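The chain contents come next:
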Amino acid sequence: MTRAIEVSDLTKSFAGLTAVNHISFRIEQGEIFGLLGPNGAGKTTTLSMLSTMLTPTSGTAVIQGIEIGKDPDGVRNVIGIVFQDQSLDEELTAGENMDFHGRLYRIPHDLRKQRTDELLHLVELYDRKNDIVKTFSGGMRRRLEIARGLLHHPSVLFLDEPTLGLDPQTRNHLWQYISSLSKEKHITIILTTHYMEEADRLCDRIAIIDQGKIIALDTPQNLKDSIGGDVVTINTPDTGAICRIMTEPWVIHLEEYNEEVRISLRQAEQYISSIITLINAHDIPITRVSIHKPTLEDVFLSFTGKTIREQEIGGKENMRMHRKMARH
């Protein structure tokens, strides 16, 4: 396969705070690659450096054979971007937004019109071509932004939290578009998300990023397989006691979290009665037992000891503390 992106030791610091900490990865042409992590983990900063909007503190990246620090204009010609925050002009029509973008890239008039019509058909907005964008729903605006990002035929498309704030039905609809772009157009897509289901369903490979570092990178299935075939979750006020007695050879991994113990093992149905018998033999109170296949949330918890939600809260506190310190 042809390599689309190669990131080497990429780092970004802001006034002593390291937002992205020496990350490296490679992405093949036509691959959907996900950066999964909580808000504040460094996902958007990574995309900003790759798209040449931020200059790295150290390290570099090569996109379609072009080094971001040496030829930023060349990089911009081969990439498309859909920002986390909307960047459409709400007072213009869908067609006018597309036309304006095409002019920025100096696409000739006839070709600009042809591609605009093709892409609006692709995202099912052709019938709304002459409607003002401020009348569009959130999902329609997202689809229009994706169409606009493809107008100059980029070989790499960056999507920063593409479904943030959308309802589940619209989110599913957008997932279909993103998958079809990769399969039918052979466009390389790198997306950031903190939605576990989105990363699991869309991405060929995922880099889990936390506090600026990549802590795991593999296919979604391999990441889930890495922590065992099944997860037994036991709710109890005495998690420590369960962890102390659960020493059987079929236990692959134990996670203690609040008032939960998560036991990773294979063929959980075969061992669930042994688990309950062992807990009852030690008179340990339990309130609930459940079995499920590992999820990416389990993977994140296994690597960090926290859920993504907890990391988001911690990240916000760190940012507030940093801003407070910067003022003094």
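Residues numbered from 1 in each chain as written. Predicted model: local features only at pLDDT ≥ 70, side-chain atom pairs only at ≥ 80, totals over all residues. Heavy atoms only, no water.

A. The overall build of the protein, seen in detail. Regarding its fold elements, the protein presents twelve helices and 14 strands. The principal-axis extents of the C-alpha atoms in the protein amount to approximately 80 × 50 × 45 Å. Counting the 328 residues in the protein, one finds 50% classified as buried. Pairs at least 24 residues apart make up 70% of the contacts formed inside the protein by residues separated by at least 6 positions. (Helix = DSSP H or I, 4+ residues; strand = E, 2+ residues; numbered from the N terminus. Buried < 20%, exposed > 50% of the residue type's maximum accessible area, 1.4 Å probe, protein only. Contact = heavy atoms within 4.5 Å.)

B. Structural context of the confidence of the model for the protein. For the protein, mean pLDDT is 89; residues scoring 70 or higher make up 94% of the total. Scored below 50 in pLDDT, residues 319-328 shows four contacts in the model against residues more than four places distant or in partner chains. (pLDDT = per-residue confidence, 0-100.)

C. Here's a closer look at unusual backbone geometry. The backbone of E161 shows a phi angle near 45°, a positive value even though the residue is not glycine. Of note, E161 is situated in the loop between β7 (156-160) and α6 (168-185). Residue classification places E161 among the buried positions, given a relative accessible area of 2%. A positive phi angle is found at Q267, which is not glycine, with a value near 55°. You can see Q267 is positioned in the loop between β13 (260-265) and α10 (268-281).

D. Summary view of the environment of V232. As for its placement among the helices and strands, V232 is situated in strand β11 (residues 230-235). Look past the residues within four positions of V232 in its chain and what remains in contact with it is V261, R262, I263, L265, A268, I272, I275, V289, S290 and I291.

E. The sheet that holds strand β1 (residues 3-14), seen in detail. Sheet architecture is open: four strands sit in the order β2-β1-β4-β5, paired in antiparallel fashion. The open sheet terminates on both sides in strands that have one partner only, identified here as β2 (17-28) and β5 (66-67). The pairing of β1 with β2 spans eight bridges and is antiparallel. What sits directly across from F14, in β2, is L17. The sheet strands contacting helix α1 (residues 43-50) are β1, β2 and β4 (58-63), and the helix crosses β1 at an angle near 115°. (Pairing = 2+ DSSP bridges. Axes fitted to C-alpha atoms, helices over the stretch in contact; angles between N-to-C directions.)

F. Region of interest: the sheet that holds strand β14 (residues 288-292). Read from one edge of the open sheet, four strands run β12-β13-β11-β14, paired in antiparallel fashion. Every interior strand has two partners, whereas the edge strands, β12 (251-257) and β14, have only one. Direction aside, the axes of adjacent strands within the sheet are offset by 15° on average. Pairing between β11 and β13: six bridges, direction antiparallel. Bridge pairing links I234 to V261 in β13. Of the strands in this sheet, β11, β12, β13 and β14 touch helix α11 (residues 296-304), which is tilted by about 80° from β12.

G. Molecular detail of helix α5 (residues 138-149). An ideal rise of 1.5 Å per residue puts 16 Å on twelve residues; α5 measures up with 17 Å between its terminal C-alpha atoms. α5 sits mainly inside the fold: eleven of its twelve residues count as buried. When we look at burial in α5, the residues that qualify are G139, M140, R141, R142, R143, L144, E145, I146, A147, R148 and G149. Turning to α5, the residues buried within the fold contact β6 (79-82), α3 (94-104), α4 (109-122), β7 and α6. (Expected span 1.5 Å × (residues − 1).)

H. The packing of α5 against α6, seen in detail. Contact geometry for α5 and α6: axes closest at 10 Å, N-to-C directions at 15°. As judged from the angle between their axes, α5 and α6 are roughly parallel. Taken as a pair, α5 and α6 cross one another with a handedness that is right-handed. Of the residues in α6, those touching α5 at G139, R142, R143 and I146 are T170, H173, L174, Y177 and L181. (Parallel < 35°, antiparallel > 145°, perpendicular 65-115°, else oblique. Left-handed = near helix turned anticlockwise from the far one by under 90°.)

I. Structural context of the pairing of β11. Where burial is concerned, most of β11 is hidden: six out of the six residues are buried. Of the two faces of β11, both are covered, the one formed by D230, V232 and I234 as well as the one formed by V231, T233 and N235. As defined by bridge partners, β11 adjoins β14 across five bridges and the pair is classed as antiparallel. Within β14, the residue paired with N235 across the bridge is R288.

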